[in-house]
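Summary of structural features
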2 protein chains.
Amino acid sequence: MAKEVDHIGILVSDLDEATKLYQDCFGARIEKTETLPERGVKATVLALERGTRLELLEPLPDTNMAKVLEKRGEGLHHITFEVDDIDSELSRLAEMGVELIDKKSRPGLEGMVGFIHPKSLRGVLIELCQKV
Amino acid sequence: MAKEVDHIGILVSDLDEATKLYQDCFGARIEKTETLPERGVKATVLALERGTRLELLEPLPDTNMAKVLEKRGEGLHHITFEVDDIDSELSRLAEMGVELIDKKSRPGLEGMVGFIHPKSLRGVLIELCQKV
């Protein structure tokens, strides 16, 4: 069961420009910027006034994410739901026949994460996360 | 300035099937279902445990949204930010050079809404809403 939307991931071609745009347009404030080589991105997490978060993702060169950007362009990429017990949720979904990208959780930006395949979720890439 | 993410819009081909899927996978509960001819959709609003909402959208036949579904397939469609004063936000954005789909707010599912063009926002379709 998902508690809430932890963040919305947005694929962009230029992290600095996109960060400034979302700050200027919506008053979003920067929480952090990190390079995540294992995910093939540099990410900036922005928070809106009441704390809802956007994760802007710029692909690193020669990564799978760079290919996704080239093919699909900028835009909404994934949504992340917070759960209490990620591995039991991933197991429950697998038993339901939902196709998982990550059968077991793995370390993410803030805790353990696991992705579900969009073809099982009406074209939406959903990440589950369990905070530590 | 945006207060928070009010909901995430997801385009689907079959509202009943998608609703059941998101209920079964994530424990989302139905808040309401409405047909919105002026937007060309039938919409079901689902809430996660702590209240974050997903808006599943099934295009009505022979609408622009039906063409969008045919062209792009199912998946993430838009995100909606809640604001205090929608018309002043739309004016401020227009003055910044952001391209708006709605120059003035209009009635939406729960209050006044206005869409911003994705080409001004790194490919993301963003709706502003002001609750009534």
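You'll find the structure just up there.
So, here's what we can say about the structure. This one's a predicted model, so the numbers in the text were calculated from it and none came from an experiment.

On to the interface of chain B and chain A. The partner chain A presents 45 residues to the 45 residues of chain B that form the contact. Between chain B and chain A lies a buried interface of about 3,700 Å² when both sides are counted; carbon and sulfur atoms form 65% of it. Of all residues in chain B, Phe 26, Leu 76 and Arg 122 of chain B give up the largest surface area on contact with chain A, accounting jointly for 23% of the area buried on that side. For the pair chain B and chain A, the interface holds 6 salt bridges. Along the contact surface separating chain B from chain A lie 26 residue pairs in polar contact (both at pLDDT 80 or more). Contributions of two or more residues to the side of chain B that touches chain A are made by strand 1 (4-11), helix 1 (15-26), strand 5 (75-82), helix 3 (86-95) and strand 8 (126-130) of chain B. Residues that form the side of chain B that touches chain A fall into these classes: 25 nonpolar, 8 polar and 12 charged.

So, about helix 1 (residues 15-26) of chain A. All names here are of chain A. The first and last C-alpha atoms of helix 1 sit 16 Å apart over 12 residues, in line with the 16 Å expected at 1.5 Å per residue. Those residues of helix 1 not exposed but buried are Leu 15, Ala 18, Thr 19, Leu 21, Tyr 22, Cys 25 and Phe 26. Taken around the axis of helix 1, the buried residues stretch over an arc of 160°, which confines them to a single face. Taking the backbone nitrogen of Asp 16 as reference, a side-chain oxygen 3.1 Å away marks Asp 14 as the first, capping residue of helix 1. Positive phi shows up at Gly 27, right after helix 1, with a value of about 65°.

Between chain B and chain A, the superposition needs a rotation of 180° and an axial shift of 0.0 Å, giving an RMSD of 0.0 Å. Here the copies are linked by what is in effect a two-fold axis. When each C-alpha of chain B is compared by its distance to the rotation axis, Leu 76 of chain B comes out closest, at 3.3 Å. Residue by residue, 100% of the interface of chain B is reproduced at the interface of chain A, so both copies engage with the same surface.

Checked against the element boundaries, Arg 122 of chain B lands in the loop between strand 7 (111-116) and strand 8. With relative accessibility at 14%, the residue Arg 122 of chain B sits in the buried group. Polar side-chain contacts of Arg 122 of chain B include one of 2.8 Å to the side chain of Glu 74 of chain A. Residues contacting Arg 122 of chain B, with those up to four places away along its chain left out, are Leu 11, Val 12, Ser 13, Asp 14, Glu 17, Ala 18, Leu 21, Tyr 22, Glu 74 and Gly 75 of chain A.

A few words now on the pairing of strand 1 (residues 4-11) of chain A. Residues and elements named next belong to chain A. For strand 1, the buried fraction is high: 7 of the 8 residues fall into the buried class. Relative to strand 5 (residues 75-82), strand 1 is paired through 7 bridges, and the arrangement is antiparallel. By the bridge assignment for strand 5, His 7 is matched with Thr 80. Two elements, strand 1 and strand 4 (residues 53-59), share 5 bridges in a ladder whose sense is parallel. If you follow Gly 9 over to strand 4, its bridge partner there is Glu 55.

All names here are of chain A. Pairing is mixed across the open sheet formed by 8 strands, whose spatial order is 2-3-4-1-5-8-7-6. Each of the sheet's edge strands pairs with one partner strand only, and the pair in question is strand 2 (29-36) and strand 6 (106-108). Each adjacent strand pair in this sheet contributes to an overall mean axis angle of 30°, direction not counted. Contacting strand 1, strand 3 (41-47), strand 4 and strand 5, helix 2 (residues 64-72) crosses the sheet at an angle of about 95° to strand 4.

What counts and what doesn't
- Residues numbered from 1 in each chain as written.
- Chains lettered and ligands numbered in written order.
- Predicted model: local features only at pLDDT ≥ 70, side-chain atom pairs only at ≥ 80, totals over all residues.
- Heavy atoms only, no water.
- Contact = heavy atoms within 4.5 Å.
- Buried area = accessible area lost by both parts, 1.4 Å probe.
- Salt bridge = Lys/Arg side-chain N within 4 Å of Asp/Glu carboxyl O.
- Polar contact = N/O pair within 3.5 Å; in protein donor to acceptor, adjacent residues only side chain to side chain.
- Helix = DSSP H or I, 4+ residues; strand = E, 2+ residues; numbered from the N terminus.
- Nonpolar A, V, L, I, M, F, W, Y, C, P; charged D, E, K, R; others polar.
- Expected span 1.5 Å × (residues − 1).
- Buried < 20%, exposed > 50% of the residue type's maximum accessible area, 1.4 Å probe, protein only.
- Arc of directions from axis to C-beta.
- Least-squares fit on C-alpha atoms with pLDDT ≥ 70 in both.
- Pairing = 2+ DSSP bridges.
- Axes fitted to C-alpha atoms, helices over the stretch in contact; angles between N-to-C directions.

Remember, this is a structural readout, not a statement about activity or role.
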